[in-house]
Amino acid sequence: MQIKEEYKASEESRIAKTTEEKEQEELDFGKRHQNATYKFLKYNPIDPLNDLWRQAIERLSLEDVEGKLQWWAAYVYIKFFARILWNFKTEYPQGNMFPEYGGGILVGSHESHLDPFFYGAACHRRIRYMSKMDNFKTPLVKSLFSNLGAFKLDRENPELAWKMAKEIIEEGEWVGIFPEGTRSREETGWEIGEFKTGAVRLAIEMKVPIVPMAVIGSRNALPKGKLVMKPTQVKVRVGDPIYYNDYDINTISYDEIKRLSAELRQVVMDLREYVIVDTRKQKKVELSIGSPEDAQKPKESSSPMRYLKDFGKGALGFVDDLWYSLLKSLEAFGLRAKFQETVHNFSGWLVCNWSNLMMPYKVIDFEKYIPDEGAAVVCTNHNSEWDVLIFAASLIYHRKRVLYQMAKQSLFKPPLVNAWVRNHHAFPLKRGMHDVDSYNFAKDVLDKGDLVCMYPEGTTNAGGGELLEGHTGAMRLAIEKQVPILLVGITGTENTYPKHAKMLSFYRGQIMKAGPAFMEHKKHWGKPMPDYEELKRLTANMMAQIKDLLLYDSPDA
């Protein structure tokens, strides 16, 4: 392929350069002062020292661990400076957070050199960015990009970059791509450029989702052609994952890929302009001023109270980031599970003993019906948000079993609450839709011989022993993984922590009673998944057995 060269030459003398030749070329920023700054920074001591560091890491075969540690350290300090300098915020217009499990592709609008850092700060995942070669020749920037796992894209020789992207996705990580190929320009009114087709092609070939995102305000944080950062407000909006499972890379046409890329661009534009796209109803609602939905749109204010509130949230967020970074760093060494189990044991002891003083509880038949080891799905009724805490604490305190709880993702958004639930083996579930990623994580937990807790009602009931209709997810999981369903009835927690309450009510009793394992679904093990009606019937029978474990009609219990 012929490319345009940096020097003047006739059309006949132009020769395509290799990637290695391009790496040796000097950058030309087009302006005298920028070129002078570039030549001055070329002699900084950081880049040579970092090159030696990277050589040592490569020789010791520590690239994977070191790369993860670098990312999770950056996750803390980049978010800290983003909050301080740009009052950085992450928004979820459709309510759903960035996916927690499996690999995929992040696609976003691009207005500034700082965008990769803002997008990374909005995710709880490590993002490996595909970046143009110039960034790996820019002083200081090349060290930062290399340390954070970015990889080179030679636009005229892209094969190596796409091969690298596939390897990253196969390892369950995320690749960041800016499909415009360059930053949006002020001359075009900051219009998002036409999307190239690479991201969609990669998603279809690798069978992974694309998460569309949009950055707002970064164009002012570091305008194109400027070297000085400016204080401003920066936000990142995270959209829902887009799946391309219905397409085959071997049969899809180029025109179809172009159409899908254009649709992806529109989704990113809608996020940037705050047009809510309800994927379940396929409706678009623009939050215009005065509309009823406008209450959902974040309000802008410059009052001192707003800044004080943002400062408080930022401080809590910093502590939360530190804790999460610690967990992910320990995970890189294979120590996270042991660390969490130790903390979980301590907190279980603390919660159960404190609860016994202030909110007396009782467990019945845990030793009889909850085995010492082995995988199982645990199902119980759900009277209160307090169930999540007291049940997990009592299980590890009385039976030394760690409980992985499938919990609504809203618990993973508030600072400190996020740190607590993540440390105590909870994992987020997108309610109201079939969350494939969460379901697959639950299967992995069962494969390791652990317990997965699901609340089949899907939300808290009114209490008093009246249960809601159960969803079939727990039954599907237990049939597919061929494990028993352990049943526990929880009585009285709706009085300990009523719905919408601001604090706990002391001296309210609560009882957790285990019963015989539900095994009616065993006849379907190793066979095709039964139809929906059969799953509903099995689930109804299971919920009836849970109801029999409640003790509302037993005053002496």
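Here the structure is a predicted model, which means the values were calculated and not measured.

Enquirer: I'd love a proper account of the nonpolar core, names of residues and values included.
Expert: If you look at the biggest cluster of nonpolar residues, it comprises 34 residues, and the most contacted ones within it are F88, F98, F118, Y119, I127, M213 and V236. Broken down by element, the residue count for this core peaks at seven residues, all from helix 4 (residues 63-86). In contact with Y119, not counting residues within four places along its chain, are L106, G108, S109, Y129, F178, M213, A214, V215 and V236.

Enquirer: Pulling in residues and values, what's your account of helix 16 (residues 436-447)?
Expert: Compared with an ideal rise of 1.5 Å per residue, which puts twelve residues at 16 Å, helix 16 spans 17 Å between its outermost C-alpha atoms and is within 8% of the ideal. Those residues of helix 16 lying buried are D437, S438, Y439, A442, K443, V445 and L446. G449, located one to two residues past helix 16, shows a positive phi value of around 85°.

Enquirer: Tell me about the pattern of salt bridges, and name the residues and values.
Expert: Overall, the coordinates contain 27 salt bridges when judged by the stated rule. Residue R54 is joined to E66 by a salt bridge in which the shortest nitrogen-to-oxygen separation is 2.9 Å. Placement of the pair is R54 in helix 3 (residues 46-59) and E66 in helix 4, with a sequence separation of twelve residues.

Enquirer: A description of the packing of helix 17 (residues 473-481) against helix 19 (residues 532-548) should follow, citing residues and the corresponding values.
Expert: It is at 9 Å that the axes of helix 17 and helix 19 come closest, and there the two elements cross at 105°. The pairing of helix 17 with helix 19 is recorded here as roughly perpendicular in orientation. In this structure, helix 17 contributes M475, R476 and I479 to the contact, and helix 19 contributes Y532, L535, L538, T539 and M542. Residues belonging to the contact of helix 17 with helix 19 are distributed by class as follows: six nonpolar, one polar and one charged.

Enquirer: Could you give me a rundown of the sheet that holds strand 12 (residues 403-408), with the residues and numbers involved?
Expert: Within the open sheet, the seven strands sit side by side as 10-16-15-11-14-12-13. Their pairing is mixed. A strand with exactly one partner marks an edge of an open sheet, and here the two such strands are strand 10 (361-364) and strand 13 (426-429). Strand-to-strand twist across the sheet, computed as the mean angle between neighbouring axes with direction ignored, equals 25°. With four bridges joining them, strand 11 (residues 376-380) and strand 14 (residues 451-454) adopt parallel strand pairing. The residue of strand 14 that forms the bridge with A376 is L451.

Enquirer: Give me the lowdown on a nonpolar patch on the surface, citing residues and values where you can.
Expert: The grouping of Y77, F80, F81, I84, L85 and L144 at the surface amounts to a nonpolar patch, some 530 Å² of accessible area in total. Ranked by residue count, the leading element in the nonpolar patch is helix 4, at five residues. Inspection of the secondary structure puts Y77 in helix 4.

Enquirer: Tell me what's going on with the confidence of the model for the protein chain, and back it up with residues and numbers.
Expert: Within the protein chain, residue pLDDT values average 86, and 86% of them lie at 70 or more. Across residues 1-15, confidence stays below pLDDT 50; counting only partners more than four residues off in sequence or on other chains, it has 18 contacts. Residue range residues 279-299 is modelled with pLDDT below 50. Its contacts to residues more than four positions away, or to other chains, number 30 contacts.

Enquirer: So, the pairing of strand 11: which residues are in play, and what are the values?
Expert: Along any regular strand, the residues point their side chains to alternate faces of the sheet. Burial within strand 11 is extensive, with five of its five residues counted as buried. The side-chain alternation of strand 11 yields two buried faces, one formed by A376, V378 and T380 and the other by V377 and C379.

Enquirer: Account for the pairing of strand 3 (residues 127-132), with residues named and values stated.
Expert: Summarising burial for strand 3: five of the six residues are buried, a large majority. Bridge count for strand 3 against strand 5 (residues 174-177) is three bridges, and the pairing is parallel. Among the inter-strand pairings, R128 is bridged to a residue of strand 5, identified as V175. Looking at chain direction, strand 3 and strand 4 (residues 151-153) are connected through three bridges and run parallel. Across the sheet, residue S131 finds its bridge partner in strand 4, namely K152. Following the backbone out of strand 3, through helix 6 (residues 141-147) and into the adjacent parallel strand 4, one traces a crossover that is right-handed.

Enquirer: Quick one: what's the story with unusual backbone geometry, residue by residue and with numbers?
Expert: One non-glycine residue, K400, lies in the positive phi region at around 55°. Tracing the sequence through the fold places K400 in the loop between helix 14 (386-399) and strand 12. By relative accessible area, K400 is classed as exposed at 59%. Even without a glycine there, the phi angle at H425 is positive, about 65°. Here H425 is to be found in the loop between helix 15 (417-423) and strand 13. What makes H425 buried here is its relative accessible area of 5%.

Enquirer: Before we move on, could you go through the side chain of T472 and cite the residues and values that matter?
Expert: By the secondary structure assignment, T472 is in the loop between strand 14 and helix 17. On the accessibility criterion, T472 (9% relative accessible area) is buried. In this structure, T472 is in contact with Y532, L535, K536 and T539, ignoring residues within four places of it in sequence.

Enquirer: How would you explain the environment of L327 if you had to name every residue and give the values?
Expert: Mapped onto the elements of the fold, L327 is located in helix 11 (residues 304-332). Residues L327 and F339, spaced twelve residues apart in sequence, show a C-alpha to C-alpha distance of 8.3 Å. When neighbours within four sequence positions are excluded, L327 is seen to be in contact with R336, F339, Q340, R422 and N423.

Enquirer: Describe helix 19, listing the residues and the values that go with them.
Expert: One turn of an α-helix holds 3.6 residues; hence residues three or four places apart share an orientation. Between its first and last C-alpha atoms helix 19 spans 24 Å; for 17 residues at 1.5 Å apiece the expected length is 24 Å, and the two agree. Listing the buried residues of helix 19 in full gives E534, L535, K536, L538, T539, M542, M543 and I546.

Enquirer: So what's going on with the side chain of N461? Residues and values would help.
Expert: Following the sequence through the fold, N461 ends up in the loop between strand 14 and helix 17. In terms of polar contacts, N461 uses its side chain to reach the side chain of N383, at 3.2 Å. Of note is the side chain of N461, whose polar atom sits 2.8 Å from the backbone nitrogen of G463. Discounting residues that sit within four places of it in the chain, N461 has contacts with N381, H382, N383, E466, L467 and L468.

Enquirer: Lay out the sheet that holds strand 2 (residues 104-108) in plain terms, naming residues and giving numbers.
Expert: In space, the seven strands of this open sheet follow the order 1-7-6-2-5-3-4, with mixed pairing throughout. Each edge of the open sheet is held by one strand with a lone partner, namely strand 1 (89-91) and strand 4. Averaged over all neighbouring strand pairs, the angle between strand axes comes to 30°, with direction disregarded. Two elements, strand 2 and strand 5, share four bridges in a ladder whose sense is parallel. For I105, the partnering residue across the bridge sits in strand 5 and is V175. Sheet strands in contact with helix 10 (residues 254-272) are strand 2, strand 6 (210-216) and strand 7 (235-238), and its direction is about 40° off that of strand 6.

The rules behind each value
- Residues numbered from 1 in each chain as written.
- Predicted model: local features only at pLDDT ≥ 70, side-chain atom pairs only at ≥ 80, totals over all residues.
- Heavy atoms only, no water.
- Core = buried A, V, L, I, M, F, W, Y, C linked by side-chain atoms within 4.5 Å.
- Buried < 20%, exposed > 50% of the residue type's maximum accessible area, 1.4 Å probe, protein only.
- Helix = DSSP H or I, 4+ residues; strand = E, 2+ residues; numbered from the N terminus.
- Contact = heavy atoms within 4.5 Å.
- Expected span 1.5 Å × (residues − 1).
- Salt bridge = Lys/Arg side-chain N within 4 Å of Asp/Glu carboxyl O.
- Axes fitted to C-alpha atoms, helices over the stretch in contact; angles between N-to-C directions.
- Parallel < 35°, antiparallel > 145°, perpendicular 65-115°, else oblique.
- Nonpolar A, V, L, I, M, F, W, Y, C, P; charged D, E, K, R; others polar.
- Pairing = 2+ DSSP bridges.
- Patch = residues over 30% accessible without salt bridge, like charges linked within 9 Å, V, L, I, M, F, W, Y side chains within 5 Å.
- Areas by Shrake-Rupley, 256 points an atom, 1.4 Å probe, with all protein chains shown as cover.
- pLDDT = per-residue confidence, 0-100.
- Right-handed = clockwise from strand over helix to strand, strands pointing away.
- Polar contact = N/O pair within 3.5 Å; in protein donor to acceptor, adjacent residues only side chain to side chain.

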